Amino acid sequence: MNKIKILVVEDEAIVAKNIESKLIKAGYEVVDTVFTGNEAIKSAIEKNPDVILLDIKLKGEIGGIEAAERIKLQKDIPIIYLTSYTDEDTFEKAKLTEPAAYLSKPFNLDELNRIIQLTLFNHNIKKELIETKRRYELAVEAGKTGVWEYIPSERRTVVDSGFLKLLGLKGEGKLTDEKDWANFVPVEDLQVISSKLNELISGRADNYSFEHRIINVDGELRWVSSKGKSVKDEEGNTVKIIGTVTDITDLKETERKLKHHSDELKRSNVAKDNFFSIIAHDLRNPFHTILGASELLANYSFEMNQEEIKETAQNIYRAASNVYNLLVNLLEWSRFQTGNLEVKKSQFNLCEIVNQVLELYSEQLERKKLSVYRKCDETCYVFADKYMIESVVRNLISNALKFTPVGRSIEIICRNLDNDFVEFSVKDNGVGIPREIQQKLFQFDTQISTRGTEQEKGTGLGLVLCKDFIEKNDGTISFESEVGKGSIFKVKIPKK
C-alpha cells in the first residue's frame, strides 16, 4: 500500500523539522519541506502531494494564503493550514481559499493524524460528488430519468417506461389521469408541483427546475430533479407541458455525507482550539499563584506572622487543587477523545462514592462554611464504570462548591427511581447559569467562561466529561438553573 505523500510548508526550520519527523513517525511520506510561498507552489506542481501542510503566515513576498490560491488554480490538492492564534482579518481571508482544515500549533501526533485522515476522506467524498454529478448528466442513458407530457385541456399525463421505473412500476408508458400520481408524491411536495405547473399553464413562466421527493411502490422515499417546459400554440396558449424526472437520491446522500463530515471536522477544529486555549491559559495561570506564594514563603516567611503564613499556604493549596482538577479533566477528556478510555462496568454502591468525594472536599466545605444536606438510600447500587461515575460525582460536587457563596448550603441526594435507574442529584444555592450559556453547557466546541465565588475560572470541560461518561454508561444528565438562585443537576444511572 502506497504511503500518503505530504508537502510541508513552514518558514521556521526547527518547527518544520519537528513536523517532518512526526509525519514520518506516523507512516507518511514527506515529499518535500519548503520555507517560502514560491517554493510551495513549485513543489506542489512538481511533487504532486496528496496533502499540503501550509503555514498560514509565511515570511517573504508571498504569504501562505496567496500561495494556496495559486496552487488551487493548477492543482486539486487539499490544504491544511498550520496556525497559531491569528487575527480575524487573516482568518477571514484564509477561509476564502476553502482550506480542508486548520491545525493549531503546537499539535500532537494523534491530532495531526486524525486531521490528515479526515481531510483525505472529505477530499475523496468531494471527488465522488463531482463524479456523481457527471453520472447524473448520463442518467437518461442509465435508465434513471423518466419523461412525461401533461395535456392541460384533458388534464391527462403521458409517461414513459423510465418514469414508471422510478416509481417501481412496470410498463412501456401510458396515458393516465393526473390524480393517479397523487399517492406517489408527499403532500407538501405535491403542492409545489401543482404551483409550478399552474405557472406554466397560465403563462407566468416558460419553464421550471426544482427538486422534490417521490414515494415508490415499496414505500421508499427518493429524491428527484424535476424539469418542465411549456409548449405553446401560435396564439401563445399552453397546449402541452413536457418534462423529465431524474433520480438524484445518490447525489443527495453524498451531499449529506459531505456536509456531515465537514461539520465534524469543523467541530473537531473548534474543540481542539479550545483544548489548546485551556492548556495555554487556564492551566498556566494557577502556577502564577503557586510560584508567587511559595516565593513569598521562601524569602519572607521570617517577616510574616502565623496568620499571614497560613493564608499564603491556603492560597497555594487552593491553586494546586484547581490545577490538579483541571489536569485530571484534561487527561480524561484526551483519553476519551482518542478512544483510549474503555468502559469497564461493575456493580457498586453509589453512596460510597458520594461519601468519598465529600471527604475529599471537606477542607473547602469548612473554609467556605457551607452546610451539606445529604440523603442517600443505602441500597443505591448501580452497574457502570466506577472510575467514570466517580469523575461525574466529583465534577458536579466541585462545581456546586465553586459557585455557592460562603455560608450557604448544597443538597446531595441518591435515590432509587425504579427497578432500572438510580438518580443522583446535586443542588446548590449559588450564582446560577445565565440563559445564553445554558444551551452550550455540554458543548466543548464553544468556549464557556464562568467564574466561581472566589474568582476561579471555569472552562466547561468538566460538564462535557460528565455528559460523555454518563452516556457511555447508558445514563442521562439534565439540569435546571436560575441566575441568582442556583442550579440542580440530575444524573440517572442504570442499575443493571
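Definitions and limits used
- Residues numbered from 1 in each chain as written.
- Predicted model: local features only at pLDDT ≥ 70, side-chain atom pairs only at ≥ 80, totals over all residues.
- Heavy atoms only, no water.
- Pairing = 2+ DSSP bridges.
- Helix = DSSP H or I, 4+ residues; strand = E, 2+ residues; numbered from the N terminus.
- Axes fitted to C-alpha atoms, helices over the stretch in contact; angles between N-to-C directions.
- Contact = heavy atoms within 4.5 Å.
- Phe/Tyr/Trp six-rings, centres within 6.5 Å; stacked < 30°, edge-to-face > 60°.
- Buried < 20%, exposed > 50% of the residue type's maximum accessible area, 1.4 Å probe, protein only.
- Lys NZ or Arg CZ within 6 Å of the ring centre and 35° of its normal.
- Core = buried A, V, L, I, M, F, W, Y, C linked by side-chain atoms within 4.5 Å.
- Salt bridge = Lys/Arg side-chain N within 4 Å of Asp/Glu carboxyl O.
- Expected span 1.5 Å × (residues − 1).
- Arc of directions from axis to C-beta.

Draft legend 1. Just the sheet that holds strand β16 (residues 421–428), in detail. The mixed open sheet is built from five strands, whose spatial order is β13-β15-β16-β20-β19. A strand with exactly one partner marks an edge of an open sheet, and here the two such strands are β13 (371–376) and β19 (476–482). Put simply, the sheet's adjacent strands are angled 10° from each other on average, direction ignored. Relative to β16, strand β15 (residues 409–416) runs antiparallel, the two sharing seven bridges. By the bridge assignment for β16, Glu411 is matched with Lys427. This element, helix α14 (residues 386–402), spans β15, β16 and β20 (486–494) of the sheet and lies at about 20° to β16.

Draft legend 2. Focus on the sheet that holds strand β5 (residues 101–104). With parallel pairing, five strands are arranged side by side in an open sheet as β2-β1-β3-β4-β5. Sheet topology places β2 (29–34) and β5 at the edges, where each strand pairs with a single neighbour. Averaged over all pairs of adjacent strands, the angle between strand axes in this sheet comes to 20°, irrespective of strand direction. Both strand β1 (residues 5–9) and strand β3 (residues 51–55) contribute to a ladder of four bridges, which runs parallel. What sits directly across from Leu7, in β3, is Ile52.

Draft legend 3. Local environment of the packing of aromatic side chains. Overall, the coordinates contain three aromatic pairs when judged by the stated rule. When the centroid spacing of 5.4 Å and the interplanar angle of 55° are considered together, the rings of Tyr208 and Phe210 count as tilted. The residues Tyr208 and Phe210 share a single accessibility class, namely buried. A ring pair is formed by Phe479 and Phe489, whose centres lie 5.4 Å apart and whose planes are at 25°; its orientation type is stacked. In this pair, Phe479 sits in strand β19 while Phe489 sits in strand β20, placing the two residues 10 residues apart along the sequence. Of note, Lys196 hangs over the ring of Phe210, and the distance from its end group to the ring centre comes to 5.6 Å. Above the plane of the ring of Trp223 lies Lys252, whose end atom (NZ or CZ) is 4.6 Å from the centre.

Draft legend 4. Representation of the nonpolar core within the structure. Within the largest apolar cluster, 41 residues are counted, with the highest numbers of intra-cluster contacts made by Leu350, Val393, Leu396, Ile397 and Phe424. Ranked by residue count, the leading element in this core is α14, at eight residues. Listed in part, the 21 residues of the second largest apolar core include Val31, Ala40, Ile41 and Ile62.

Draft legend 5. Focus on the environment of Gly484. Within the element layout of this structure, Gly484 appears in the loop between β19 and β20. What Gly484 contacts, discounting residues up to four positions off in sequence, is Arg408, Gly430, Val431 and Gly432.

Draft legend 6. Structural view of the pattern of salt bridges. For the structure shown, the criterion picks out 14 salt bridges. Here Arg222 and Glu220 are joined by a salt bridge, their closest N and O atoms 3.0 Å apart. On the basis of relative accessibility, which here comes to 38%, the residue Glu220 falls in the partly exposed class. Among the charged side chains, a network of salt bridges with common partners joins Glu188, Asp189 and Arg213.

Draft legend 7. Local environment of unusual backbone geometry. Located in the positive-phi region is Arg155, a residue other than glycine, with phi close to 50°. With respect to the element layout, Arg155 can be found in the loop between β6 (145–151) and β7 (156–160).

Draft legend 8. Region of the structure containing helix α1 (residues 13–25). Taking 1.5 Å of rise per residue, the 13 residues of α1 would be expected to cover 18 Å, and the 18 Å separating its terminal C-alpha atoms lies within 8% of that figure. For α1, the complete set of buried residues consists of Ala16, Ile19, Glu20, Lys22 and Leu23. Seen along its axis, α1 keeps its buried residues to an arc of 165°; they face one direction. Residues of α1 that are exposed and point over 90 degrees away from its buried face: Ile14, Lys17 and Lys25. Once α1 finishes, Gly27 follows within two positions and takes phi at roughly 95°, a positive value.

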